[in-house]
Amino acid sequence: MAQPDVLIRLDGVSQLFAAGRRQPPVRAIEDVTLDIHESEFVTLVGRSGCGKSTLLRIVSGLLQPTSGRVEIDGSPVRGTRPDVSFMFQRPALLPWRNVIDNVLLPVEILRLDRANYRRRAHDLLELVGLDVFAERSIWELSGGMQQRAALCRALVTDPRILLMDEPFAALDALTREDLSLELQRIWNDDRKTIVFVTHSIEEAVLLADRVVVMSPRPGRITKILDVDLPRPRSLGASRGSEELRRCSAELHELLFAREAA
Amino acid sequence: MIGSRRFVSVILPTLALAAAIGIWWLAKWTFRWPSFVVPSPGEVARELWSRRSYFPSQFWTTLLETLEGFGLSVVIGVACAIAIAYSRTLERSIYPLLVALNAVPKLALAPILVLWMGFGAGPKVVMVILICVFPIVLSTATGLKSTPAELDELIRSLSASRFQTFRTVGFPAALPQIFVGLKVGISLAVIGAVIGEFVGATKGLGYVIVASGQNADTTLAFASIVILAVLSVVLFYVLVALERLLVPWAEHQ
């Protein structure tokens, strides 16, 4: 099989954070080199403090790395880009707007034609079962529904790349499973390139084509794991799978071995 | 549920008011205060009724000065706050000036304002602005600077311009704080108008209080104070209602 084009290229990326007066800076990320291909679903997994969220912010252009090169589609990343969407751990919906106007926020900021995208916004809301809530206020929605709306907002401008920073971490286990299925379905339909940060081994294996394992202090890549499992995957449907067991076991070992060392 | 809410919002303040008037009455009869020192609630009520054609024009004068001054304070205050919140240089230069201005005893300025601007509404409106602009600047600037971190990051991830950021996130997120400043400001605005009328005025409730003092007509002064108190309360709750209308989401934060 021919390898698809590299879409995101990280080359020797390091990030230092000032720690305070007369203290050495914190090495949040050290020498990370990684290629992510078009239409690939990559999860970044690691303990808290391993720099996975920092790495995601560097890819998005929200943060400039201390050193190293970041390229998207062959051109260096100098700031945030309209073809890259970011989804946060918290829904970050604007409470003074209703659901549909929240979904259309990126359209407004990018000065695209609102009328054109209204249709798409409604389709997306329908896809995640929120269409009847389009005109509702944010505070009438549960946490899971709010995060679904945030997902629609991230997708509304049809970005090439979707960066997700532990988007389901604040949800209960059932809602989490629902949303990971919905995300796979959406991804299956239009194959965006997704980089998904999580600290859950299960989530990392279920969603990814490739799992990138990171270790803390300094944050660096310790292993990249290919997951060869048919989709859609869910904890229920894929439970008996040998591949799932193998990957999970290996991730466990990697993440916990570090701790013992 | 609805019954208990009505109890809290209507019956409780009514009871508190009745209790305060009761204590006033009781104290007057217990200590046998003469009416030129402390009039009874009944005397004040009779005064209000007997001068019912006199008070409205005094009331309007004070109300207009208050509203004009408050309106200008909102415009000036919000403009200053935007400058302070979005420019480090302007914050450094304007802020100390505002603090110094706020520290000046306003009453001391009243005669100077009359000297500069004469006996009309001008010096009263300026006094209102001097006294109520500061809390509006302070709360608005605080609100503009304390956009929730996740909304700040979201809008940055969308590559929004500074104006887009202000319009879609910064300003709406600041509204609850702005209303805190407006509610403090409106009560101060009434006080400012009265202080302005203490010096060089020919009408308005503040003028009535000063004039009544010269005739030892304490009942008239008390009646004016009652009107001012009612005015302040009404203006305050108009703002509360406006806040509910414009910022309904604040209650759900």
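Positions within a chain are numbered from 1, following the residues in the order the chain's sequence is written. Chains carry letters from A onward and ligands carry numbers from 1 onward, assigned in written order. In keeping with the model being predicted, local features are shown solely for residues with a pLDDT of at least 70 and side-chain atom pairs are shown and tallied solely at 80 or more, while totals for entire chains, interfaces and linings include all residues.

For the rest of this paragraph, the subject is the sheet that holds strand S4 (residues 67–72) of chain A. Hydrogen bonds between backbone groups are what pair the strands of a sheet, and the pairing can be parallel or antiparallel. All names here are of chain A. One open sheet holds the four strands; their spatial order is S2-S1-S4-S5, and the pairing between them is antiparallel. Of all strands in the sheet, those bounded by a partner on one side alone are strand S2 (26–37) and strand S5 (75–76). For two strands to pair, DSSP has to find at least two bridges joining them. A run of DSSP states H or I qualifies as a helix once it reaches four residues; a run of E qualifies as a strand once it reaches two. Both are numbered from the N-terminal end. Where S4 lies against S5, two bridges are found, and the strand directions are antiparallel. Residue pairing in the sheet places glutamate 71 in a bridge with proline 76 of S5.

Attention now moves to the domain arrangement of chain B. On domain assignment, one finds that chain B holds domain 1 (1–32) and domain 2 (37–252). Residue ranges for the domains originate in an automatic or database domain assignment. Here the C-alpha centre of domain 2 of chain B lies 28 Å away from the C-alpha centre of domain 1 of chain B.

Looking now at the packing of helix H3 (residues 55–86) of chain B against helix H4 (residues 88–103) of chain B. All names here are of chain B. At a minimum axis distance of 6 Å, the contact between H3 and H4 shows a crossing angle of 135°. The angle between H3 and H4 falls in the class oblique. Taking contact as the criterion, the partners of Cys80, Ala83 and Ile84 in H3 are, on H4, Leu90, Glu91, Ile94 and Tyr95. In this count, Pro and Cys sit with the nonpolar residues alongside Ala, Val, Leu, Ile, Met, Phe, Trp and Tyr, while Asp, Glu, Lys and Arg are called charged and the others, Gly among them, polar. Class assignment of the residues belonging to the contact of H3 with H4 gives a composition of six nonpolar, no polar and one charged. Interaxial angle, 0 to 180 degrees, is taken between N-to-C directions of lines fitted to C-alpha atoms, where a helix line uses only the stretch in contact. With respect to orientation, any angle under 35 degrees is reported as roughly parallel, any angle over 145 as roughly antiparallel, any angle of 65 to 115 as roughly perpendicular, and every other angle as oblique. Two residues qualify as a contact pair if the distance between their C-beta atoms, derived from the backbone, is within 7 Å.

The interface is formed by 16 residues belonging to chain B together with 17 residues belonging to chain A. Elements with a minimum of two residues in the side of chain B that touches chain A: helix H7 (149–157) and helix H8 (162–198) of chain B. In terms of residue class, the side of chain B that touches chain A is built from seven nonpolar, six polar and three charged.

Quick look at the sheet that holds strand S10 (residues 220–226) of chain A now. Residue and element names in this part refer to chain A. Judged by pairing direction, the sheet is mixed, and its six strands sit side by side in the order S6-S7-S8-S3-S9-S10 without closing on themselves. Bordering the open sheet on either side are strand S6 (84–87) and S10, each of which pairs with just one other strand. If you compare each strand with its neighbour and ignore which way they point, the axes differ by 15° on average. The pairing of strand S3 (residues 41–46) with strand S9 (residues 210–215) spans five bridges and is parallel. Pairing of leucine 44 across the sheet is with valine 212, part of S9. Lying on the sheet, helix H5 (residues 143–155) is in contact with S6 and strand S7 (161–165); it crosses S6 at an angle near 170°.

Before going further, it helps to spend a moment on unusual backbone geometry. Residue and element names in this part refer to chain A. Residue proline 218 is reached from arginine 217 by a cis peptide bond, and omega for that bond is -10°. Of note, proline 218 is situated in the loop between S9 and S10. Positive phi outside glycine occurs at alanine 92, with the angle close to 50°. Secondary-structure assignment places alanine 92 in the loop between S6 and helix H2 (99–103). The backbone phi angle of glutamate 166 is positive, close to 45°, even though this residue is not glycine. Relative to the elements of secondary structure, glutamate 166 occurs in the loop between S7 and helix H6 (173–190).

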